[in-house]
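Summary of the model geometry
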Amino acid sequence: MQLRFKNLTLGYDRHPAIHHLDGEVASGALIAVVGPNGAGKSTLFKGVVGALNPLSGHIERAGIGARDIAYLPQAAEIDRTFPIHVYDMVAMGLWHQVGVFGGIGDREHRKIKDAIAAVGLTGFERRTIGTLSGGQMQRMLFARLLLQDARLIVLDEPFNAIDSRTCTDLLELVRRWHRERRTVLAALHDIDLVKSHFPETLLLAREKVAWGETAKVLTAENLLKARRMCEAFDEEAAACAA
Amino acid sequence: MYETLVAPFVEFEFMRRALVGVGALALGAAPVGVFLMLRRMSLVGDAMAHAILPGAAIGFLVSGLSLFAMTSGGLIAGFVVALLAGLVARATELKEDASLAVFFLISLALGVTIVSMKGTNVDLLHFLFGNVLALDDAMLAFMAVNTSVSLLALSVIYRPLVIECVDPNFLRSVSRLGAPVHMAFMALVVINLVSGFHALGTLLGVGIMMIPAAVARFWTRDITAMIATAVLTGIVSGVAGLVVSFHVSVPSGPAVILAAAVLYLMSIVFGRVGGLWRQLFPGRHLEA
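A brief look at the structure comes next. Computed from a predicted structure; not experimentally measured.

**Quick word on the overall build of chain A**
- Assigned secondary structure in chain A consists of nine helices and nine strands.
- Taking 2.2 N^0.38 as the reference for a compact globule, 242 residues should give roughly 18 Å; the C-alpha atoms of chain A span a radius of gyration of 19 Å, in line with that estimate.
- Overall size of chain A, expressed as C-alpha extent along the three principal axes, is 55 × 35 × 35 Å.
- Looking at chain A as a whole, 52% of its 242 residues qualify as buried.
- Contacts in chain A between residues far apart in sequence, at least 24 positions, make up 70% of those at least 6 positions apart.
- Accessible surface computed for chain A: about 11400 Å², of which carbon and sulfur atoms make up 49%.
- In chain A, the 30 positive side-chain charges and the 29 negative ones have mean positions that sit 4 Å from each other.

Now the structure itself:
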């Protein structure tokens, strides 16, 4: 067990976006988190990485510190006009090894080159990030994730607005992480992709609809149930008794 | 050529002092300006300058034209405003620019109130526009120290500062340095402005910080080269401004800033990165 959610409620301004969630993430699990917009996927991830404190309940992280987590947010607030090269951007993934002052030696340079090659961006090292296409940008961010060498990798809708070839390439990296026994949580919308590549699925609609083996979770009945969940954010909502 | 460019500095000590002064200013302030510009905080320098003014004025009221009093007043006012603005921005929903706007206005109003309560009608022109031709040894030493501290501190926080600029969420996910680095950076803005006000005044001092940065943006897409270009632009404007003011006898501080402005206008037209000339006559498109 690597993560345990205990009666977890996460949200904003007292309104829950994740409501009374219980469950466990096993070490080395590859889990798809599925649900309609507003289901609380991003909120759950913010809680997992520690960027958002629970309104109630808690998240137990067994032997997982901040530096064991790599997080790719949905809308990365990256300033694409900033004059920085792809190479330096990827090198940020080595933060925990080199920190503020650590030098980047031959070994690190090789790691950076390997990561750039692994995402198919060789030849783009000296390009500034503003010149990248959406797919290339995502490849670059995956290269940075590779270098972070984290035990828990949290991907918030990593394949949105990405063409199928890039998606296939990046999915191969996710499978590689799974083979390396890293834990991967990924929020996804493509049900077919989830069915073919993710053994375990958490179907969310603010509350847990189902969690377990993908084939058993993604039934027509469950998906309908998730879709019916109310997205409304009730200004007049009473305090939750539970 | 020699008569025009070199002779004034050889013949007059005050010109040599002014030269050292603007050189030190450009070295310290221009790199800070590049980061302000890249973080879309170009007007923050101006706001901070307004925040510093009352502190310096109070120092002046308390002990006259004393370097120590005016400088500490300015530094204290600047640090307090930067710190409060940063804290409010991080603790509440208010964005940093809004909270900074509020605090610098409070500082300015407080300063004006205190000055008028003292009832003296002091000549604040010195603060507003400085006097680069009257830098004494103590002021030059002070500026040199500030510049050294600024460059050293910038090199220490350089890596996290760049990450904080380009991808603040990433920095937050790997370390807690975001807030301290931002605060340290704002402190650098303050000390460079305080340096600047002795030579160019609180208001024009911002010019040697921001204009070279804006010029550099037109010439390169590489941050290291951008910083170097900005420093060079600052020094060239300093020399040009001093020479022009010597021969035409216009005030030297504004002349330095106007010289930088001329470089800026030229960059808008001829700049290699996004300059107008390049946009109007881009040449034939490439094969790939």
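**Re the sheet that holds strand β3 (residues 30-34) of chain A**
Residue and element names in this part refer to chain A.
- Strands sit in the order β5-β6-β7-β3-β8-β9 across an open sheet of six strands; the sheet is mixed. Because the sheet does not close on itself, it has two edges, and the strands there are β5 (69-72) and β9 (207-213). The average angle at which neighbouring strand axes cross in this sheet is 15°, direction not considered.
- Strand direction decides the pairing type here: strand β6 (residues 152-156) and strand β7 (residues 183-188), joined by five bridges, are parallel. Note on β7: the bridge partner recorded for Ile-153 is Val-184.
- The strands touched by helix α1 (residues 41-49) within the sheet are β3, β5, β6, β7 and β8 (200-205), with β6 carrying the most contacts at an inclination of about 155°.
- Contacts from helix α5 (residues 134-148) reach β5 and β6, with the element oriented near 175° to β5.

**Concerning empty space enclosed by the protein**
- Inspection of every chain in the model, using the stated rule, returns three cavities of 30 Å³ or more.
- When its volume is computed, the largest cavity comes out at roughly 50 Å³.
- Elements that contribute at least two residues to the lining of the largest cavity include exactly β5 and α5 of chain A together with α8 (168-174) of chain B.
- Sorting elements by how many residues they give to the lining of the largest cavity places α8(B) first, with three residues.
- Classifying every residue of the lining of the largest cavity by side-chain character gives six nonpolar, two polar and two charged.

**Details of the interface of chain A and chain B**
- Contact residues are listed per partner, giving 24 residues for chain A and 23 residues for chain B.
- Looking only at chain A, the three residues that lose the most surface to chain B are Phe82(A), Pro83(A) and Trp95(A), adding up to 32% of its buried area.
- Those elements that provide at least two residues to the side of chain A that touches chain B are α3 (95-98) and α5 of chain A.
- The leading source of residues in the side of chain A that touches chain B is α3(A), at three residues.
- Of the residues belonging to the side of chain A that touches chain B, the class tally is 13 nonpolar, eight polar and three charged.

**Let's talk about the layout of surface pockets**
- Taken as a whole, the largest pocket encloses approximately 2000 Å³ of empty space.
- Of all the elements in the fold, those that place two or more residues in the lining of the largest pocket are α1 and β5 of chain A together with α3 (42-63), α4 (67-91), α5 (96-118), α7 (137-166), α8 and α9 (178-199) of chain B.
- Of all the elements, α8(B) adds the most residues to the lining of the largest pocket, at six residues.
- Tallied by class, residues from the lining of the largest pocket come to 22 nonpolar, ten polar and 15 charged.

**Observations concerning the pattern of salt bridges**
- This structure, assessed with the given rule, holds 19 salt bridges over all chains.
- A salt bridge links Arg182(A) to Glu180(A); the shortest N-O distance between them is 2.8 Å.
- For Arg182(A), a relative accessible area of 16% gives the class buried.
- Across the salt bridge formed by Asp137(B) and Arg17(B), the nearest N and O atoms sit 2.7 Å from each other. Taken together, the positions of Asp137(B) in helix α7 and Arg17(B) in helix α2 (residues 13-38) put the pair 120 residues apart, joining distant regions of the chain.
- When salt bridges with common partners are traced through the structure, they connect Arg4(A), Lys6(A), Glu24(A) and Glu60(A) into a single cluster.

**A closer look at the packing of aromatic side chains**
- Under the defined criterion, the tally for this structure stands at ten aromatic pairs over all chains.
- Note on Phe35(B) and Phe185(B): the rings are 6.2 Å apart at their centroids and 70° apart in plane angle, and the pair reads as edge-to-face. On the criterion of sequence distance, the pair formed by Phe35(B) in helix α2 and Phe185(B) in helix α9 is long-range, its members being 150 residues apart. Comparing Phe35(B) with Phe185(B), the two get one shared label, buried.
- Ring centres 4.9 Å apart and planes at 50° place the aromatic pair Trp277(B) and Phe281(B) in the tilted group.
- Of the aromatic side chains, those joined through ring pairs into one cluster are Phe142(A), Phe159(A) and Trp177(A).
- Seen from the ring of Phe170(B), Arg144(A) lies directly overhead, with NZ or CZ sitting 3.8 Å from the centre.

**Section: helix α11 (residues 223-248) of chain B**
Residue and element names in this part refer to chain B.
- Spanning 26 residues, α11 covers 36 Å between terminal C-alpha atoms, matching the ideal 38 Å at 1.5 Å per step.
- Capping the start of α11, Asp-222 holds a side-chain oxygen 3.1 Å from the backbone nitrogen of Thr-224, two or three residues further along.
- Ser-249 sits one or two positions beyond α11 and adopts a positive phi of about 50°.

**Things to note about the environment of Met143(B)**
- Mapping Met143(B) onto the fold places it in helix α7.
- Beyond its immediate sequence surroundings of up to four residues, Met143(B) is in contact with Gly21(B), Ala24(B), Leu25(B), Leu135(B), Ser195(B) and Ala199(B).

**Notes on the nonpolar core**
- Counting 136 residues, the largest nonpolar core has Met140(A), Phe142(A), Leu155(A), Phe198(A) and Met48(B) as its most contacted members.
- When residues of this core are assigned to their parent elements, the largest contribution, twelve residues, is made by α2(B).
- Excluding anything up to four places from it in sequence, Phe198(A) contacts Leu30(A), Ile31(A), Ala32(A), Leu171(A), Val174(A), Ala186(A), Leu188(A), Leu193(A) and Thr214(A).
- By size, the runner-up hydrophobic cluster in this structure holds 26 residues, among which are Leu3(A), Ile18(A), Val33(A) and Val154(A).

**Focus: unusual backbone geometry**
- Located in the positive-phi region is Asp149(A), a residue other than glycine, with phi close to 50°.
- Along the chain, the position of Asp149(A) falls in the loop between α5 and β6.
- One non-glycine residue, Ser249(B), lies in the positive phi region at around 50°.
- Locating Ser249(B) in the fold gives a position in the loop between α11 and α12 (252-270).

Rules used throughout
- Residues numbered from 1 in each chain as written.
- Chains lettered and ligands numbered in written order.
- Predicted model: local features only at pLDDT ≥ 70, side-chain atom pairs only at ≥ 80, totals over all residues.
- Heavy atoms only, no water.
- Helix = DSSP H or I, 4+ residues; strand = E, 2+ residues; numbered from the N terminus.
- Rg over C-alpha atoms; globule rule 2.2 N^0.38 Å.
- Buried < 20%, exposed > 50% of the residue type's maximum accessible area, 1.4 Å probe, protein only.
- Contact = heavy atoms within 4.5 Å.
- Areas by Shrake-Rupley, 256 points an atom, 1.4 Å probe, with all protein chains shown as cover.
- Lys, Arg positive; Asp, Glu negative; His and termini not counted.
- Charge placed at Lys NZ, Arg CZ, Asp CG, Glu CD.
- Pairing = 2+ DSSP bridges.
- Axes fitted to C-alpha atoms, helices over the stretch in contact; angles between N-to-C directions.
- 1 Å grid on protein atoms, 1.4 Å probe; cavity = no way out; pocket = protein on both sides within 12 Å on 5 of 7 lines; lining within 4 Å.
- Points joined across faces, edges and corners; volume = space filled by probe spheres on them.
- Nonpolar A, V, L, I, M, F, W, Y, C, P; charged D, E, K, R; others polar.
- Buried area = accessible area lost by both parts, 1.4 Å probe.
- Salt bridge = Lys/Arg side-chain N within 4 Å of Asp/Glu carboxyl O.
- Phe/Tyr/Trp six-rings, centres within 6.5 Å; stacked < 30°, edge-to-face > 60°.
- Lys NZ or Arg CZ within 6 Å of the ring centre and 35° of its normal.
- Expected span 1.5 Å × (residues − 1).
- Polar contact = N/O pair within 3.5 Å; in protein donor to acceptor, adjacent residues only side chain to side chain.
- Core = buried A, V, L, I, M, F, W, Y, C linked by side-chain atoms within 4.5 Å.

Such coordinate-based values are descriptive only and should not be taken to indicate function.
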